[in-house]
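# Chain and residue survey
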Amino acid sequence: VAFHATRPLRFVASDDLLVRIFDWQQRTQVAVARGHDHYVMRAVPHRTLPIFASASLDNTVRLWRLPVEGDAAEPRTTDDADNENAETRGWLSGCCRWWGPEVGEDADSVEHLATGLRHKNDVNYVEFDSGCDHQLYTASDDRTVVLWQFDETFARLSALRVIQQCGHNVWFVMPLPA
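Residues numbered from 1 in each chain as written. Predicted model: local features only at pLDDT ≥ 70, side-chain atom pairs only at ≥ 80, totals over all residues. Heavy atoms only, no water.

In this fold, S140 is placed in strand β11 (residues 135–140). The class of S140 is buried, set by a relative accessible area of 0%. There is a polar contact of 3.0 Å between the side chain of S140 and the side chain of D142. Setting aside residues no more than four positions away along its own chain, S140 makes contact with H119, N121, D122, V123, N124, N169 and V170. (Helix = DSSP H or I, 4+ residues; strand = E, 2+ residues; numbered from the N terminus. Buried < 20%, exposed > 50% of the residue type's maximum accessible area, 1.4 Å probe, protein only. Polar contact = N/O pair within 3.5 Å; in protein donor to acceptor, adjacent residues only side chain to side chain. Contact = heavy atoms within 4.5 Å.)

A cluster of nonpolar side chains, Y39, M41, W171, F172 and M174, forms an exposed patch at the surface whose accessible area comes to about 550 Å². As for its placement among the helices and strands, F172 is situated in the segment after β13 (157–163). Given the relative accessible area of 47%, F172 is considered partly exposed. (Patch = residues over 30% accessible without salt bridge, like charges linked within 9 Å, V, L, I, M, F, W, Y side chains within 5 Å. Areas by Shrake-Rupley, 256 points an atom, 1.4 Å probe, with all protein chains shown as cover. Salt bridge = Lys/Arg side-chain N within 4 Å of Asp/Glu carboxyl O.)

Time to look at the sheet that holds β11. In spatial order, the strands read β10-β11-β12-β13; together these four strands make up an open sheet with antiparallel pairing. Unpaired on one side and paired on the other, β10 (123–128) and β13 mark the two borders of the sheet. On average, each strand axis in the sheet is tilted by 25° relative to the strand beside it, whichever way the strands run. Pairing of β10 with β11 involves five bridges; the strand directions are antiparallel. Looking at the pairing, E127 lines up with Y137 of β11. (Pairing = 2+ DSSP bridges. Axes fitted to C-alpha atoms, helices over the stretch in contact; angles between N-to-C directions.)

Judged by nonpolar contacts, the single largest core of 18 residues is most densely connected at I51, L63, F128, L136, F150 and L157. Breaking this core down by element, the ones donating at least two residues are β6 (51–56), β7 (61–65), β9 (112–116), β10 and β12 (145–150). (Core = buried A, V, L, I, M, F, W, Y, C linked by side-chain atoms within 4.5 Å.)

For the coordinates displayed, the defined rule picks out five aromatic pairs. Relative to F150, the ring of F128 has its centre 6.1 Å away and its plane inclined at 80°; by these criteria the two rings are edge-to-face. Note that F128 is positioned in strand β10 and F150 in strand β12, a separation of 22 residues in sequence. In this pair, the class of F128 matches that of F150, namely buried. Ring geometry for F150 against F154: centres 6.0 Å apart, planes inclined by 50°, an arrangement best described as tilted. Residue classification places F154 among the buried residues on the basis of a relative accessible area of 8%. Ring-pair connections join several aromatic residues into one group, and the members of that group are F11, F52 and W64. (Phe/Tyr/Trp six-rings, centres within 6.5 Å; stacked < 30°, edge-to-face > 60°.)

Moving on, we get to the pattern of salt bridges. Where charged atoms from two side chains of opposite charge come close, those side chains can pair. Under the definition given, this model contains four salt bridges. Put simply, D133 and R47 hold a salt bridge, and the shortest N to O gap is 3.0 Å. Here D133 is found in the loop between β10 and β11, whereas its partner R47 is found in the loop between β5 (40–45) and β6, with 86 residues between them in sequence. Between R65 and E111 there is a salt bridge, and its shortest N-O distance comes to 2.9 Å. Here R65, found in strand β7, pairs with E111, found in the loop between β8 (108–109) and β9; they are 46 residues apart in sequence, far enough to count as distant. Given the relative accessible area of 30%, R65 is considered partly exposed. The exposure class of E111 is partly exposed, given its relative accessible area of 43%.

Nothing here speaks to function; it is all geometry.
As structure tokens, then:
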């Protein structure tokens, strides 16, 4: 789960091959990113640009366009959720009822912008570079960390540098603050 820095958006990567984007203030699903062929391990929004990135076990990193502000569906009320599943009790069941698969199934898909295909194995993590707006890092089970660069239109994602000095699978990468 990741949160946008300035908008009330929550990004959820999932083993259903999707990235779901929720408006946490309105409690609605805003959009869905579809296109990965395996589990999505992480989704992270860019701090200033209108994009987010996802990492997947399909060996790819993808760039997506953020949904336009105000695109959220009509918010559901607590009464709506309670009436639909009155036989289900407890806090956890209420939570699952609220965010269950029936919520937002008709949510719009976000636009896929670019795909990075450098890794030879599962991509576990993605993080934008804090010092350069058009770069991001990925960590992979192929024992590498890749520094990627994307252009101004977000249409091309290319590997700038591959760090291969890792002795084991790489699960996490965190660029140093600018």
